[in-house]
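Each chain, written out:
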Amino acid sequence: MLSTHAGLAAVALAAAVVAAPASAQWTPWAQPAPLQPAPWQPALTPPPVPASGAVIRFYENRGNTPIWFRAGPRSDAATQFLSILHRSTVDGFAEGPRLAAGLQQAIRNAQFGGPPAMLHADRLLSTAWVRYVQAVRSPSRGVLYGTDEIARPTAVDAILRETASAPHLVSHVRSVSDVNPVYAQLRDAAWNLAQMTGGVLDRRVMANLERARAFPSSGRYVVVDVASQQLFMFEDGQVRDSMKVIVGKREQKTPMIASMIHFATFNPYWNVPDDLVRSLIAPNVLNQGTSYLQARGYEVVLNWADNAPRLAPEKIDWKAVAAGRERIRVRQKPGPANSMGDFKFSFANPVGIYLHDTPQKELFNASKRTLSNGCVRLEDAPRFARWLLGRSPVAPSSAPEQHVQLAQGVPVFLTYLTVRSDGARLTFTDDVYDLDGAADYELAAR
């Protein structure tokens, strides 16, 4: 029989974690509550936290002006940072509690030891801060990065310059630690859950934190959540719009990608994947003749160049293509039957994934939409184009492949979020690719 205390803990845990179907709508995230300072628990023999050479040089170059004790011997920002370090194992930052133990006495010495003690504590705080910021800003494991444009500053001087120039240091420390609103809500709920389970961190939650850490803290960006098959349009941390998407089948998974959309393509060609050219196009040409290509708007071109010349289908060895001995490029011209629909949204990535329109709108009625060959089909591509462009999406002409530049690039994140938070509870959704169980996310790896 459970003890009274164990029974209460079980009830609390059940209230904190609920399950939801994959089709559940994603409630926009609210600002997380400010982190409360943790009580000081000084270690009997605090481990040393030596100031790094790069930090010391930064201070010397600015005349040893303090950052953390800029307003005097007491620093609310330093206390805030200690609280963050105490729970930073949830951020995957293993050395946080040890650094906090080493910093506590230095902070106390700064309050009573005069300018030399304050400078010493200031440098130690900045050394620990740089380590922490570099950890939470590092690329998320398992994500393919297609561009450096979305990289966050991790150089020592860059981190300390933005910290030193912050008008409100407490707010700056909290903001950097929150990473982004999605991450902050999930992390705070994960920390609360860990307190109810004796400090045990849920590995599935930690995997989702690692994925959510890739998002920016503000601005406009796109999140395609493969797990729930939904797309979210963010503006300054809030979801402004969303729609259903179709993603890759289990055997052709849509990967996690972080990149940037710079243009929209009107009237796109559909470049038929090699496997479909072998398994679909070539057998049909062998059975029906080249009229099969003409009836469906397919054409064969020499290579992948934008101005590649067309080839005569009659001169192709279609038996060799079907057997995989020859490789050709087949594309479908724009039109009502084109698998790309009217829009395509490309972004740099190493695996050729993009977002696009589709004429098969009936497929969005399915509750589970893992149906594509890896690319992402949009429920309402014109609405998405309107949000990206900031105006009505009208093609410049009827010619194929009309690229329209965005006024400013928009970050795009293809991710896989099977755990969500409404600020108080964690909600677990379907793991459609079985990634959470298969992935080896080592806690506190950084």
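Everything numeric in this text was worked out from a predicted model, so none of it was measured.

Criteria and cut-off values
- Residues numbered from 1 in each chain as written.
- Predicted model: local features only at pLDDT ≥ 70, side-chain atom pairs only at ≥ 80, totals over all residues.
- Heavy atoms only, no water.
- Helix = DSSP H or I, 4+ residues; strand = E, 2+ residues; numbered from the N terminus.
- Buried < 20%, exposed > 50% of the residue type's maximum accessible area, 1.4 Å probe, protein only.
- Areas by Shrake-Rupley, 256 points an atom, 1.4 Å probe, with all protein chains shown as cover.
- Salt bridge = Lys/Arg side-chain N within 4 Å of Asp/Glu carboxyl O.
- Pairing = 2+ DSSP bridges.
- Core = buried A, V, L, I, M, F, W, Y, C linked by side-chain atoms within 4.5 Å.
- Contact = heavy atoms within 4.5 Å.
- Axes fitted to C-alpha atoms, helices over the stretch in contact; angles between N-to-C directions.
- Parallel < 35°, antiparallel > 145°, perpendicular 65-115°, else oblique.
- Left-handed = near helix turned anticlockwise from the far one by under 90°.
- Polar contact = N/O pair within 3.5 Å; in protein donor to acceptor, adjacent residues only side chain to side chain.

A. Just the overall build of the protein, in detail. Along the backbone of the protein there are 14 helices and 17 strands. Scored against the burial criterion, the 446 residues of the protein give a buried share of 48%. Split by element, the accessible area of the protein, about 20,400 Å² in all, is 54% carbon and sulfur.

B. Region of the structure containing the pattern of salt bridges. In the structure shown here, the tally under the stated rule is 19 salt bridges. A salt bridge links Arg213 to Glu210, with the shortest nitrogen-to-oxygen separation between them at 2.7 Å. The same class applies to Arg213 and to Glu210, which are both buried. Taking the shortest distance from any N to any O, the salt bridge between Asp225 and Arg420 comes out at 3.4 Å. Pair noted here: Asp225 is in strand E3 (residues 220–225) and Arg420 is in strand E16 (residues 419–421), with a separation of 195 residues, a long-range link.

C. Molecular detail of the pairing of strand E15 (residues 402–415). Bridge analysis of E3 against E15 gives four bridges, and the strand direction is parallel. Residue Val223 lies in a different strand from E15, and its bridge partner there is Phe413. Where strand E6 (residues 257–266) meets E15, nine bridges bridge the pair, whose relative direction is antiparallel. Bridge pairing links Ala264 to Val404 in E15.

D. Local environment of the sheet that holds strand E9 (residues 310–311). The strand order E7-E10-E8-E9 describes an open sheet built from four strands, whose pairing is antiparallel. Looking at strand neighbours, the two that pair on one side only are strand E7 (270–271) and E9, the edges of this open sheet. The sheet contact formed by strand E8 (residues 298–301) and strand E10 (residues 329–332) spans four bridges and is antiparallel. Bridging from a neighbouring strand, Val300 pairs with Val330 of E10.

E. Local environment of the nonpolar core. Trp68, Phe81, Leu355 and Phe384 are the most contacted members of the largest nonpolar core, which totals 122 residues. The element that contributes the greatest number of residues to this core is helix H5 (residues 114–137), accounting for 11 residues. With residues near it in sequence (within four places) discarded, Phe384 still touches Val222, Leu231, Met233, Met243, Ile261, Phe345, Leu355 and Leu378.

F. Expanded view of the packing of helix H2 (residues 53–61) against helix H6 (residues 156–164). Taken N-terminus to C-terminus, the directions of H2 and H6 make an angle of 45 degrees; their axes are 10 Å apart at the nearest point. Relative to H6, H2 is oriented oblique. Handedness of the H2/H6 crossing: right-handed. Across the interface between the two elements, Ala54, Val55 and Phe58 of H2 pack against Val156, Asp157, Leu160 and Arg161 of H6.

G. Just the side chain of Ser228, in detail. Within the fold, Ser228 resides in the loop between E3 and strand E4 (230–235). For Ser228, a relative accessible area of 1% gives the class buried. Polar contacts involving the side chain of Ser228 include one to the side chain of Asp225, which spans 2.6 Å. Among the polar contacts made by the side chain of Ser228, one reaches the side chain of Arg420 at a distance of 3.0 Å.

H. Seen up close, the environment of Asp357. Topologically, Asp357 is positioned in the loop between strand E12 (355–356) and strand E13 (370–372). Classification of Asp357 as buried rests on a relative accessible area of 6%. Asp357 sits 12 residues away from Phe345 along the chain, and the two C-alpha atoms are 8.8 Å apart. There is a polar contact of 2.9 Å between the side chain of Asp357 and the backbone nitrogen of Asp342. A distance of 2.9 Å separates polar atoms of two side chains, one belonging to Asp357 and the other to Lys361.

I. A look at unusual backbone geometry. Unusually for a residue other than glycine, Asn64 sits at a positive phi of about 55 degrees. As for its position among the elements, Asn64 is in the loop between H2 and helix H3 (76–86). According to the relative accessible area criterion, Asn64 is partly exposed, its value standing at 30%. Positive phi is not limited to glycine here, since Gln229 has a value of about 55 degrees. For Gln229, the location among the structural elements is in the loop between E3 and E4. Assessed through its relative accessible area of 1%, Gln229 is described here as buried.

Such coordinate-based values are descriptive only and should not be taken to indicate function.
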